[in-house]
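Here is how the chains run, residue by residue.
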Amino acid sequence: MPTTAPNALSDVTASDGTLRRFLHGLPGVDAVGLEARAASLGTRSIKTTAKAYAIDLAISMVDLTTLEGADTPGKVRALGAKAVRPDPTDRTTPSTAAVCVYPDMVATAKEAVAGSDVKVASVATAFPAGRAPIAVKLADVREAVAAGADEIDMVIDRGAFLAGHYKKVYDEITAVKEACGTNARLKVIFETGELSTYDNIRRASWLGMLAGADFIKTSTGKVAVNATPANTLLMLEAVRDFRAQTGVQVGVKPAGGIRTSKDAIKFLVLVNETVGEDWLDNHWFRFGASSLLNDLLMQRQKLATGRYSGPDYVTVD
Amino acid sequence: MSDARLSVLKTYKLYVGGKFPRSESGRVYEVTDSKNNWLANAPLASRKDARDAVVAARKAFGGWSGATAYNRGQILYRIAEMLEGRRGQYVREVADAEGLSKSKAADQVDAAIDRWVWYAGWTDKIAQVVGGGNPVAGPFFNLSSPEPTGVVAVLAPQASSFLGLVSVVAPVIATGNTAVVVASERSPLPALSLGEVLATSDLPGGVVNILSGRTAEIAAPLAAHQDVNAIDLAGADEALAKELEIAAADNLKRVLRPQPVDNWSATPGTERMTAFLETKTVWHPTGSLGASGSAY
Amino acid sequence: MASAFEYAPAPESRSIVDIAPSYGLFINGEFTEAADGKVFKTVSPSTEEVLSEVAEAGEADVDRAVQAARKAFEKWSALPGSERAKYLFRIARIIQERSRELAVLETLDNGKPIRETRDADLPLVAAHFFYYAGWADKLDHAGYGANPRPLGVAGQVIPWNFPLLMLAWKIAPALATGNTVVLKPAETTPLSALFFADICRQAGLPKGVVNILTGDGRAGAALIAHPDVDKVAFTGSTAVGKQIARTVAGTRKKVTLELGGKGANIVFDDAPVDQAVEGIVNGIFFNQGQVCCAGSRLLVQESIHDELLDSLKRRLGTLRLGDPLDKNTDIGAINSAEQLARITALADRGEAEGAERWSPACELPQNGFWFAPTLFTKVTQAHTVARDEIFGPVLSVLTFRTPDEAVAKANNTPYGLSAGIWTEKGSRILAVANKLRAGVIWSNTFNKFDPTSPFGGYKESGFGREGGRHGLEAYLDV
């Protein structure tokens, strides 16, 4: 059964016009104020027990990602093994939330994480540009789901969004959601760097949630500007407000550019102080990242042993 | 004898809210020339006249301060035009009031007319000279602009009945303040006549209100008035100035203390304008065009 | 909001600052005891721990300090501006070098969070000295005519809410223009000014150019009344400001007063709501609301009142109150028992007059002076909490229907220091800003300060401006 917009808001999704009136009626975003708030939360000092908690939580929230033309089954298997057991020297280290691969690697990834709780996420819909006929995009999604993907990371049609064809974007998301079926959760990627303005990011967030997104996700990692504290804070405000208005909780996934534990902890502070503990769980918050994991592991070792670790003491995936 | 026509004397009145009332007190006092010859009876303004004048000035403040600087300049220039047309009358009044020769009095009147022209030109320039953008260290556009303080009580200089008067009134209103003026106690007639020119120069009623009478008596309620924002003590002696400054502290009026002026003809600076200006600074976020500004 | 993500304590180390058990007055380059030997204690407001004992200046000390400043004036004012500039640049640099130490010290003596002293007070202090240092040899170009002259000896009295920043606002322009100063810090926060005296020593500032007198209001009154003081600068309450205006009446003393406020923070229905909420919080809870330009009256358009209040209350639930030295603390201690009593009394009065009081769940420490962030709703213009300056973390919420009404209510106060405007409509910002009778207006932001930006009030919030080119005028004979 296709997910539709919550009843209270069903009338806004009827056409480009109604969507436009609704989305452009959302409160504006003052860029300076938003960035100042994000920066201010970035000065929180997370130490000792709080840091240990945050590092484990962050590890458990990683969507360990490889999205290269050069991906091979061997590479994907290594990634899967690492996701399941990030630190072979310390079995108390939590697994990551998921591995994230292209659709043709889903089956391999599935095998690699078999027997664990690690999910397999697959980018689809002609990732990263999304410039393909809708039939191709949907086929892409169905293939991935059929191969066992637990989660689908779709990209929206930024061209349509920027041209004001909100209904087209909406319809595409609902169609993909339908293609996901009942088992696969849908993450909707906006490519915030291409939407460019904070007002657009807020509108895209609501458009995605109205269309049935389970997660809203900043970016593909393939453009110059990806996840930032400010755009993630803004999306957290959107999911907070959406739940207040509809009762539906939606997850958030910043992706791309988050490379250090310090950065990851800043994002967790944003979560903690914007939406609170309901989102402090990998069912509702993820990091799309690859190199971040090793830095988290080194920091974890430092906390455990009291000495600084080095790259030779974590695995190269 | 028969060839001397009996002249028609003028009844001098106050100028309040654009109208020419007699003093509410019903009282007048005798004004004489330097040789003690009777010139006229001037209204002896009371506390209530002062109160009415403040009400009129407050009422006029919104419109006058909100008028464009260009418009205020036009009106101040119009005052100069009107004075030029009645130059003879003012020369006569100033000569009588201050005991000056006709030519000395004419110098005073000419300088007074030119003073209006000087301030007419200032109305749309003062903001550029004393205001401006501030290069703050952050993503903000920050602009400081001068704004009129509000209702200003002006004690006109005692000795210079016309040039001195114009020199203290024009800078107050040029920037958008409104004024309650206490004329020279001994020589109020040129000031009262100025009201007639102001009334016919498109100056909105209430922008300038002119009272005559005992300076100390009228000034006391003005200095203590909670709806007066500032006071120019030019016409007060040392003892009165101190007393009024103390009274003015009750609502923190801006006080311009009396300063010795040898020669009112000298080119004024901007000080008499800036004394009755507030600086308002407004901050606006600028931010970046896109959402890519934030990085860490 | 309760959370699984509890931040562990992250206290800034206080070992960086070495507070002596006692301090003298700083007169003519030396620390000396008060003539009558009197002393008083200064405590940490968050713990009531005694930090030090400082000399209490009396009239004889005031006279001594003014004489020292007078004697120093001749040489200091005759120095080339470029030389005065270099002294000020030195001071600015030393403040930057010692900023962590000074931040900790200020937090200890004042009670405000280290996050603020570290990220706001100290950077602004250094910036202020840098800014005015550059003016010292450029006064000919400041718009006050050629070769503008200093006034002489400046008597300066500052408050306890931003002890070192207010010192910077007073001393930097005074020295740049060639005046010498006698400064009295507030009774409850004397320490950072005394550390500043040490910075003057390190900078090699000539003796007597800066003199610091610790003491209470009597010392301040004596300083202001001293016949050999040419310039009076005061930041503090409107009541004291009026008294000062009376004291200097009939003298040649030039005066600037930076006094109280009851700033309106106006939120229109098209505001950027999330940023407005941050601005409201910053407007009234920055420095526990002990800020003259605080946005202590929230004027919210009636159509979004409920929605905005929900957001605001949710946000207040995340404020972290506690140890000011903890880097994660948002709300520190109230500066003194006296101030706490005043805030408490006014808040009680708000309740008694029928306004609805609300605070987030918030545990107050046992020792020290604390007041929970507090909102009053159902407030009208007639309520005391809408008219009196509370100078504490107490926000009064009022509503309006139209822009005209917002302006009328915002201006309906004897004060005129600050105001805020929140709307996404540019022309409305300009129209409303134009009509507000206040010296500093923040549109879509609040409580921003910069040394280049003049600051000061309309009406009973005082007169004169501090900061920027405008700030020079107060210290020049023009």
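Residues numbered from 1 in each chain as written. Chains lettered and ligands numbered in written order. Predicted model: local features only at pLDDT ≥ 70, side-chain atom pairs only at ≥ 80, totals over all residues.

Per an unreviewed UniProt entry, the recorded name for chain B is Aldehyde dehydrogenase, and the organism is Streptomyces toyocaensis.

Chain A carries the name Deoxyribose-phosphate aldolase in an unreviewed UniProt entry, which gives Streptomyces toyocaensis as its organism. Turning to chain A, the UniProt annotation filed under Pathway (unreviewed entry) states: "Carbohydrate degradation; 2-deoxy-D-ribose 1-phosphate degradation; D-glyceraldehyde 3-phosphate and acetaldehyde from 2-deoxy-alpha-D-ribose 1-phosphate: step 2/2." According to UniProt, the comment filed for chain A under the heading Catalytic activity (unreviewed entry) is "2-deoxy-D-ribose 5-phosphate = D-glyceraldehyde 3-phosphate + acetaldehyde". (UniProt positions renumbered as here; feature names shortened; annotations may be inferred.)

Participant: Help me understand the sheet that holds strand E8 (residues 287-289) of chain A in this model?
Facilitator: Working definition: the strands of a sheet are paired by backbone hydrogen bonds and lie parallel or antiparallel to each other. Residue and element names in this part refer to chain A. Spatial ordering of the open sheet is given by E7-E6-E5-E4-E3-E2-E1-E8, a layout of eight strands whose pairing is parallel. Each end of this open sheet is capped by a strand with a single partner; those strands are strand E7 (251-253) and E8. Neighbour to neighbour, the strand axes of the sheet diverge by 25° on average, direction disregarded. Pairing analysis gives three bridges linking strand E5 (residues 185-189) to strand E6 (residues 215-217), with the strands arranged parallel. Following the sheet pairing, Lys187 is matched in E6 by Phe215. With respect to the sheet, helix H8 (residues 166-180) is in contact with strand E4 (151-155) and E5, its orientation differing from that of E5 by roughly 150°. Strand contacts of helix H11 (residues 229-246): E6 and E7, with the helix running at about 170° to E7, the strand carrying the most contacts. (Pairing = 2+ DSSP bridges. Helix = DSSP H or I, 4+ residues; strand = E, 2+ residues; numbered from the N terminus. Axes fitted to C-alpha atoms, helices over the stretch in contact; angles between N-to-C directions. Contact = placed C-beta atoms within 7 Å.)

Participant: Mind showing me how you'd approach the sheet that holds strand E5 (residues 50-55) of chain C here?
Facilitator: Residue and element names in this part refer to chain C. Taken together, the three strands give an open sheet; going across it, the order is E1-E5-E4, and neighbouring strands pair in mixed fashion. Whereas interior strands pair on both sides, the edge strands pair on one side only; in this sheet they are strand E1 (22-23) and strand E4 (39-43). Two elements, E4 and E5, share five bridges in a ladder whose sense is antiparallel. From the neighbouring strand, Val43 faces E5, where its bridge partner is Val50.

Participant: Where do I start with the UniProt feature "domain: Aldehyde dehydrogenase" (unreviewed entry) in chain B in this structure?
Facilitator: Following the UniProt record, one finds the feature "domain: Aldehyde dehydrogenase" (unreviewed entry) at residues 25-255 of chain B. Secondary structure over residues 25-255 of chain B splits into 51% helix and 18% strand, and the C-alpha atoms at its two ends are 28 Å apart.

Participant: Looking at this structure, I do not really get the pairing of strand E14 (residues 374-377) of chain C. What am I missing?
Facilitator: Walk down a regular strand and you will see the side chains alternate between the two sheet faces. All names here are of chain C. Here E14 shows a buried face lined by Thr374 and Phe376 and a second buried face lined by Leu375 and Thr377. Pairing between strand E13 (residues 356-358) and E14: three bridges, direction antiparallel. Bridge assignment links Arg357 to a residue of E14, and that residue is Phe376. Judged from the three bridges that link them, E14 and strand E15 (residues 394-400) form a sheet pairing that is parallel. Each bridged residue has a counterpart across the sheet, and for Thr374 the counterpart in E15 is Val394. (Buried ≥ 20, exposed ≤ 12 C-beta atoms within 10 Å, placed from the backbone.)

Participant: Explain the interface of chain C and chain A here, please?
Facilitator: Each side of the interface is counted separately: chain C has 23 residues, and chain A has 25 residues. Going through the elements one at a time, helix H4 (114-135) and helix H9 (273-285) of chain C are the ones with two or more residues in the side of chain C that touches chain A. A per-element tally of the side of chain C that touches chain A places H9(C) first, with five residues. Of the residues contributing to the side of chain C that touches chain A, the split by class is nine nonpolar, seven polar and seven charged. (Nonpolar A, V, L, I, M, F, W, Y, C, P; charged D, E, K, R; others polar.)

Participant: What exactly am I supposed to notice about the environment of Pro272(C) here?
Facilitator: Among the structural elements, Pro272(C) can be located in the loop between strand E11 (264-267) and H9. Setting aside anything within four residues of it in sequence, one finds Pro272(C) in contact with Pro27(A), Gly28(A), Val29(A), Asp30(A), Gly33(A), Trp422(C), Glu424(C) and Asn444(C).

Participant: Teacher, can you tell me more about the interface of chain B and chain C here?
Facilitator: Interface size is commonly expressed as the accessible surface area that is lost when the partners come together. The interface of chain B with chain C comprises 24 residues on the first partner and 32 residues on the second. Of all the elements in the fold, those that place two or more residues in the side of chain B that touches chain C are strand E4 (140-148), helix H9 (238-248) and strand E10 (277-285) of chain B. A total of eight residues in the side of chain B that touches chain C trace back to one element, the largest contributor, which is E10(B). Residues belonging to the side of chain B that touches chain C are distributed by class as follows: 11 nonpolar, seven polar and six charged.

Participant: Would you explain unusual backbone geometry in this entry?
Facilitator: A negative phi angle is the norm for most residues apart from glycine, just as the trans form is the norm for most peptide bonds. Cis rather than trans, the peptide bond between Phe127(A) and Pro128(A) has omega equal to -5°. For Pro128(A), the location among the structural elements is in the loop between strand E3 (119-124) and helix H6 (134-146). Although it is not a glycine, Ser196(A) adopts a positive phi angle of roughly 75°. Residue placement: Ser196(A) occurs in the loop between helix H9 (192-195) and helix H10 (198-210). The phi dihedral of Lys459(C) is positive, around 50°, even though this residue is not glycine. Position of Lys459(C) among the secondary structure elements: in the loop between strand E17 (440-443) and strand E18 (462-463).

Participant: Would you mind going over the pairing of strand E16 (residues 418-422) of chain C with me for this structure?
Facilitator: Residue and element names in this part refer to chain C. In terms of burial, E16 is a largely internal element, five of the five residues being buried. Covered by surrounding structure in E16 are Ser418, Gly420 and Trp422 together with Ala419 and Ile421, the residues of both alternating faces. Direction of pairing for E16 relative to E17: parallel, over a ladder of four bridges. Bridge pairing in E17 places Ile421 opposite Ser443. Crossover E16 to E17 through helix H14 (residues 426-435) is right-handed. (Right-handed = clockwise from strand over helix to strand, strands pointing away.)

Participant: Got a minute to help me understand helix H3 (residues 99-110) of chain C in this structure?
Facilitator: Because each turn of an α-helix spans 3.6 residues, side chains separated by three or four positions in sequence point in the same direction. All names here are of chain C. Taking 1.5 Å as the rise per residue, H3 with 12 residues should run 16 Å; its terminal C-alpha atoms sit 16 Å apart, in good agreement. Of all 12 residues in H3, nine are buried, a share of seventy percent or more. Considered for burial, the residues of H3 that qualify are Leu102, Ala103, Val104, Leu105, Glu106, Thr107, Leu108, Asp109 and Asn110. On its buried face, H3 is in contact with E4, E5, helix H2 (81-97), H4, helix H5 (163-176) and helix H6 (191-203). In the segment just after H3, Gly111 is the residue with positive phi, at about 100°. (Expected span 1.5 Å × (residues − 1).)

Participant: Before we go on, may I ask you to explain the confidence of the model for chain B in this structure?
Facilitator: Low-pLDDT portions of the prediction should not be read for the details of their coordinates. Considering every residue of chain B, the mean pLDDT works out to 95; 97% of them sit at 70 or more. This prediction of the complex comes with two scores: 0.96 for pTM and 0.97 for ipTM. (pLDDT = per-residue confidence, 0-100.)

Participant: Help me out: how do you make sense of H2(C) in this one?
Facilitator: Residues and elements named next belong to chain C. Helix length check: H2 (17 residues) gives 24 Å between terminal C-alpha atoms against 24 Å at 1.5 Å per residue, within 8%. Taken together, the buried positions of H2 are occupied by Arg84, Ala85, Tyr87, Leu88, Ile91, Ala92, Ile94 and Ile95. Where H2 is buried, its residues meet H3, H4, H5 and H6.

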